[in-house]
Amino acid sequence: MTIRVGESAAAPPFPKAALPLLQDQQLRGNVRHATEVIQRKRAQVVAEQTDWQELRSAAAAIREHTLQHLDRYLEHFEKACTAAGGHVHWASDADEANRIVAGLIEQYGGREVIKIKTMTSDETRLNAALAARGIEAIETDLAELIIQLGHDRPSHIVVPALHKNRMQVREIFRDTMNLPGLGDKPEDLTAAARRYLREKFLRVKIAVSGANFLLADTGGVCIVESEGNGRMCLTLPDVLISIAGIEKVLPSVRDLEVFLQILARSATGERLNPYNSVWSGVAPGDGPQHFHIVLLDNGRAPILADAEARQTLRCIRCAACLNVCPVYRQTGGHAYGSSYAGPIGAILTPQLMNLEHGDSLPYASSLCGACYEVCPVKINIPEVLIHLRGRVVRERKSTLNPEALAMRAAAAAFSNRRRFEAAQRLGRIGQIPLTSDGWFRPLPGMLGNWTRARDLRALPKQTFREWWQQRERAGSKGQ
Ligand code: SF4
């Protein structure tokens, strides 16, 4: 079995990957500006929704119920989709999903496909797998197109090219589309992308998509988007192949009433996405006449079995947690080394990879709780982060590593008053060469990692307890 989440197996640990990105002022400025704009828009449209908290509760309850009965709802989906003329395929891992998609494209005689933005195909590295079989995948989402033409990596779930500004996009389009006089106004750039893509929409006969939601009662698939490229891919080609994680299913088409409201507001700060497409199987003479959907596990089933972490699979990929995260906003998405960045990436990637990779990600958080506050399906991300940190310590880290040894020593000192007071006395003596003006100077060796980004106050000359005892003694003498 090949569980793959983008490039996470080869990615360096988060602290190492983040360092060069923290030096990139252009990237940090772009990320800060873009996340601030989206946050502002989200705050406005959420504030005008008077039942926002009730919507969040309803969304969380629907997702939790579905996950607890996922086997049943997936069977319903398969039955209804098949009855509507679709074909359902099951993939246990990334390689199997890629093989199924490539095999279908070859079966229909295609050598190129147009694609709607899909995080799931990024997770399986579908484009690379197709290229290895001589099939070209053409991204049609504007941000994904920028990433593809710039040979870059996505850095945000909803806005993959958020780390690029207009001038950088103009350079990419100018060089790859051979447009030397291209301007950098939004309308110049979108017109260039439209001209480039229109010919492909009209020529290529096979499309690949993801799915925002699968509907168990109708066998329907729902995709929401803002640009209309998705609608082109869903209507013009002869063949449509979708790939979706098994957790994307909802019990009923009626549940879209809740999810279409919370997704648009949380993701792009819109009241409703401009394009909401829902289809079931095939309709003679209308749209693609062959529809296949690949349902992907790729490490999801074990998450379902973990009662404390299962809430991770409620995620609807709105990216609201990324936009508010103080860590993501400093580093951007590349530091996470995965298709999924930010707080959701910090809990999803390590779990999909069964902690084989990405075990530094649960520590890439200040635990401030901002992600939990904005999450439209109420995933308690800090709670899952702490749960995963516990797993990392128990399952992955040697008991002889410095952090584990330090924690054992701290536990021994904190559990006994005399040991604690002795440690305080020793600490006061030991800190003398390391402090000045009441603060620790940068600590030497490995401890320097801790003080590089933090100020650490020196231990006071007198503890509160000592001060109190002294005061009591002085009081009793005075009586
Ligand atoms: S964890 Fe919540 S806020 Fe973050 S992407 Fe998923 S649904 Fe959105």
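Residues numbered from 1 in each chain as written. Predicted model: local features only at pLDDT ≥ 70, side-chain atom pairs only at ≥ 80, totals over all residues. Heavy atoms only, no water.

## Quick word on the overall build of the protein chain
Short version of the rule: Only runs of H or I of at least four residues qualify as helices and only runs of E of at least two qualify as strands under DSSP, and these elements are numbered from the N terminus. Each residue's exposure class comes from its accessible area (1.4 Å probe, protein chains only) as a fraction of the maximum for that residue type: buried when under 20%, exposed when over 50%, partly exposed otherwise. Any pair of residues with heavy atoms lying within 4.5 Å of one another is described as a contacting pair. Accessibility throughout is a Shrake-Rupley quantity obtained with a 1.4 Å probe, and a residue counts as covered only by protein chains that appear here.
Helix and strand counts for the protein chain come out as 22 helices and 12 strands. Along the first, second and third principal axes, the C-alpha set of the protein chain runs to 100 × 55 × 45 Å. Residue burial in the protein chain is summarised as follows: out of 479 residues, 50% are buried. Here the analysis covers contacts within the protein chain between residues at least 6 apart in sequence; of these, 75% occur between residues at least 24 apart. With the model as given, the accessible surface of the protein chain reaches about 23000 Å², and the carbon-plus-sulfur share is 54%.

## Some remarks on the site of the ligand
For clarity, the cut-off: Put simply, a residue is near a molecule or strand once any heavy atom of it comes within 4 Å of that molecule or strand. Cavities and pockets were defined on a 1 Å grid built from protein atoms only: a cavity is a group of points that admits a 1.4 Å probe but offers it no way out, a pocket is an open group of points flanked by protein on both sides within 12 Å along at least five of seven lines, and a lining residue is one with an atom within 4 Å of any such point. More than half of a molecule's atoms lying within 2 Å of a cavity's or pocket's grid points is what places that molecule inside it. The nonpolar class holds Ala, Val, Leu, Ile, Met, Phe, Trp, Tyr, Cys and Pro. Asp, Glu, Lys and Arg form the charged class, and all remaining residues, Gly among them, are polar.
Near the ligand you find C315, I316, R317, C318, A319, C321, I344, C375, P376, V377, I379 and I381, and these make up its full shell. In this structure, the ligand is accommodated by the largest cavity. Of the residues contributing to the shell around the ligand, the split by class is 11 nonpolar, no polar and 1 charged.

## Looking at the layout of surface pockets
Over the atoms a probe the size of a water molecule is rolled, and this reveals where empty space is left. Definition in use: Grid points are joined across faces, edges and corners, and a volume is the space filled by probe spheres set on the points.
Approximately 2400 Å³ is the volume found for the largest pocket. Taken together, 46 residues form the lining of the largest pocket, with M446, L447, N449, W450 and R454 sitting closest to its centre. Elements with a contribution of two residues or more to the lining of the largest pocket: helix 1 (14-23), helix 15 (328-331), helix 18 (381-396), helix 19 (402-414), helix 20 (417-430) and helix 21 (448-451). It is helix 19 that contributes the most residues to the lining of the largest pocket, 8 residues altogether. Residue composition of the lining of the largest pocket, by class: 27 nonpolar, 10 polar and 9 charged. Taken together, 47 residues form the lining of the second largest pocket, with A143, V158, V159, E227 and T268 sitting closest to its centre. Within the residue set of the lining of the second largest pocket, elements represented by two or more residues are helix 2 (25-47), helix 6 (119-124), helix 8 (142-149), helix 9 (166-176), helix 10 (186-203), strand 6 (220-225) and helix 12 (256-268). Here the lining of the second largest pocket gets 6 residues from one element, more than from any other, and that element is helix 2. Tallied by class, the residues present in the lining of the second largest pocket amount to 25 nonpolar, 12 polar and 10 charged.

## Focus: the domain arrangement of the protein chain
Note the cut-off: Source of the domain bounds: an automatic or database domain assignment.
Domain annotation for the protein chain reports domain 1 (20-301) and domain 2 (402-474). On a C-alpha basis, the centres of domain 1 and domain 2 stand 52 Å from each other.

## Some points on the packing of helix 2 against helix 12
Note the cut-off: A fitted line through C-alpha atoms represents every axis, and for helices the fit uses only the stretch in contact; the resulting angles, taken between N-to-C directions, go from 0 to 180 degrees.
Two numbers describe how helix 2 lies on helix 12: the axes approach to 7 Å, and their chain directions differ by 145°. For the pair helix 2 and helix 12, contact is made by I38, K41, R42, V45 and V46 and by R265, S266, A267 and T268, respectively. The class makeup of the residues in the contact of helix 2 with helix 12 is 4 nonpolar, 2 polar and 3 charged.

## Description of empty space enclosed by the protein
Evaluated as defined, the whole model comprises 3 cavities of 30 Å³ or more. C315, C318, C321, C375 and I379 are, among the 13 residues lining the largest cavity, the residues nearest its centre. A breakdown of the residues in the lining of the largest cavity according to their chemical character gives 12 nonpolar, no polar and 1 charged. Lining the second largest cavity are 13 residues, with C325, P326, S365, C368 and C371 sitting closest to its centre.

## Considering the sheet that holds strand 6
How we decide: Only when DSSP finds a minimum of two bridges between them are two strands counted as paired.
With respect to topology, 4 strands assemble into an open sheet ordered 8-5-6-9, the strand pairing being mixed. Edge positions in the open sheet fall to strand 8 (249-250) and strand 9 (275-280), since each of these has one partner strand only. Inspection of the sheet shows strand 5 (residues 213-215) paired to strand 8 by 2 bridges, in the parallel sense. Its bridge partner lying in strand 8, L215 is registered against L250.

## Details of unusual backbone geometry
Look at N298: it is not a glycine, yet its phi comes out positive at around 50°. Residue placement: N298 occurs in the loop between strand 10 (290-296) and helix 13 (300-304). Even without being glycine, L367 reaches a positive phi, approximately 60°. Along the chain, L367 turns up in the loop between helix 16 (342-352) and helix 17 (370-374). By relative accessible area, which is 31% here, L367 ends up partly exposed.

## Observations concerning the nonpolar core
Nonpolar side chains in soluble globular proteins generally cluster together in the buried interior. The test is simple: We call a set of buried Ala, Val, Leu, Ile, Met, Phe, Trp, Tyr and Cys residues a nonpolar core when their side-chain atoms join them within 4.5 Å.
Ranked by size, the top nonpolar core spans 108 residues in total, and within it F77, F173, F213, L214, F259 and I293 carry the most contacts. It is helix 12 that contributes the most residues to this core, 7 residues altogether. Aside from chain neighbours lying at most four places away, what touches F213 is G220, V221, C222, K248, L250, L256, F259, L263 and I316.

## As for the pattern of salt bridges
Put simply, the rule is: Counted as salt bridges are all cases of a side-chain nitrogen of Lys or Arg within 4 Å of a carboxyl oxygen of Asp or Glu.
All told, the structure shown has 23 salt bridges when counted by the stated rule. Between R265 and E48 there is a salt bridge, with the nearest N and O atoms lying 3.6 Å from each other. Here E48 lies in the loop between helix 2 and helix 3 (52-68) and R265 lies in helix 12, a separation of 217 residues in the sequence. Note that E395 and R391 form a salt bridge whose closest N and O atoms lie 2.9 Å from each other. Taken together, the positions of E395 and R391, both in helix 18 and 4 residues apart, correspond to about one turn of that helix. Assessed through its relative accessible area of 46%, E395 is described here as partly exposed. Because the salt bridges share partners, they merge into one network encompassing E112, E199, K200 and R203.

## Some remarks on the pairing of strand 4 (residues 206-209)
Neither face of strand 4 is exposed, since I206 and V208 on one face and A207 and S209 on the opposite face are all buried. Note that strand 2 (residues 112-115) and strand 4 share 2 bridges and pair parallel. When the bridges of strand 4 are listed, K115 appears paired with V208. Note that strand 4 and strand 7 (residues 239-245) share 4 bridges and pair parallel. Along strand 7, the bridge assignment pairs I206 with V239.

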